[in-house]
2 protein chains.
Amino acid sequence: MTLHKEQFLRDYESLSQVLTDKPLAALGDAYANFAYSMALSRKAGSPRGKKVKGAPLAEAVRRAGLRSYLPSRIDKHVLSDAAEALLVYAWLKDVITLEESVDVLEKNDNLEEGLTELLVRAKGRIKF
Amino acid sequence: MTLHKEQFLRDYESLSQVLTDKPLAALGDAYANFAYSMALSRKAGSPRGKKVKGAPLAEAVRRAGLRSYLPSRIDKHVLSDAAEALLVYAWLKDVITLEESVDVLEKNDNLEEGLTELLVRAKGRIKF
């Protein structure tokens with residue numbers, strides 16, 4: 001897909017920079033909701049639209065071992081933003097396709113587990 | 001993209017059926033928000049996340065000449081749902097790519113105009 005995805009991405013020097021980028025998280029919110037809605041649609045066999053809430057995103061950040069890349073005193077909102085930022089960053093950098101994101105979310109019955117798996121894959125494939 | 005997009009789509013017999021499918025509109029809401037956020041990101045040169053509100057969607061349905069495919073007495077919410085349903089239906093049926101949706105929204109300074117153009121293209125390319 002020639003979506004010119006990277007042209008608006010600045011250079012990030014570390015995973016922490018990605019995880020704490022609020023505008024990136026805002027774009028990631030839209031990405032995560034769309035991928036999750038597609039996963040639910042495929043699982044249900046008919047169209048579905050649903051937002052990914054903050055709690056499973058925050059929990060996935062912890063399970064994926066990303067907590068240590070964030071400042072020590074943060075609220076849950078920062079945790080869920082971190083997940084959204086990394087999910088879309090991995091897509092923008094072409095290390096995870098939309099198809100793979102939908103697949104992983106579809107195959108995991110539990111949303112936290114699906115998100116955790118995606119974050120682990122993203123972290124493992126991104127180089128700084 | 002082998003996203004197995006169609007497997008959860010039932011057969012629609014008319015444009016009216018697509019436009020009034022609420023679950024399809026719910027998925028379309030996620031699609032529209034993601035495409036619009038990508039368009040804004042490219043235009044701004046940095047990540048953005050923003051939801052498409054109901055008013056421009058409803059206005060685009062009227063401008064695209066789709067009003068007559070809907071029941072006579074409806075509220076604005078049904079109009080905006082109709083736009084979301086058709087936008088994602090065109091993508092699911094592979095007549096408009098995500099890339100094209102982002103492109104059109106990026107190139108039109110006015111969101112209503114961009115949405116109208118997408119709806120007109122969708123309507124012109126879908127066969128029942």
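Everything numeric here is computed off the predicted structure, so don't read it as measured data.

Examining the environment of Gly54(B)
Residues and elements named next belong to chain B.
- Within the element layout of this structure, glycine 54 appears in helix α3 (residues 54-63).
- Along the sequence, glycine 54 and lysine 76 sit 22 residues apart, while their C-alpha atoms lie 7.5 Å from each other.
- Residues contacting glycine 54, with those up to four places away along its chain left out, are Lys76, His77 and Ser80.

Topic: helix α2 (residues 22-44) of chain B
- Here α2(B) contains 23 residues, and its C-alpha end-to-end distance of 32 Å stays within 8% of the 33 Å for a straight helix at 1.5 Å per residue.
- In terms of burial, α2(B) is a largely internal element, 19 of the 23 residues being buried.

Quick notes on the nonpolar core
- If you look at the biggest cluster of nonpolar residues, it comprises 82 residues, and the most contacted ones within it are Leu86(A) and Leu86(B).
- With near-sequence residues (within four places) excluded, Leu86(B) lies in contact with Val18(B), Leu19(B), Leu119(B) and Ala122(B).

Remarks on the relation of the copies chain B and chain A
- Take chain B, turn it by 180°, move it 0.0 Å along the axis, and it overlays chain A with an RMSD of 0.0 Å. Classification of the inter-copy transformation places it as that of a two-fold axis.
- Here 100% of the interface residues in chain B have copies in chain A that are interface residues too; the copies meet face to matching face.

Description of the interface of chain B and chain A
- Each partner contributes residues to the interface: chain B has 28 residues there, and chain A has 28 residues.
- Sort the elements by how many residues they give to the side of chain B that touches chain A and α2(B) lands first, with 13 residues.
- Counted by class, the side of chain B that touches chain A contains 14 nonpolar, nine polar and five charged residues.

What counts, and at which threshold
Residues numbered from 1 in each chain as written. Chains lettered and ligands numbered in written order. Predicted model: local features only at pLDDT ≥ 70, side-chain atom pairs only at ≥ 80, totals over all residues. Helix = DSSP H or I, 4+ residues; strand = E, 2+ residues; numbered from the N terminus. Contact = placed C-beta atoms within 7 Å. Expected span 1.5 Å × (residues − 1). Buried ≥ 20, exposed ≤ 12 C-beta atoms within 10 Å, placed from the backbone. Core = buried A, V, L, I, M, F, W, Y, C linked by C-beta atoms within 7 Å. Least-squares fit on C-alpha atoms with pLDDT ≥ 70 in both. Nonpolar A, V, L, I, M, F, W, Y, C, P; charged D, E, K, R; others polar.

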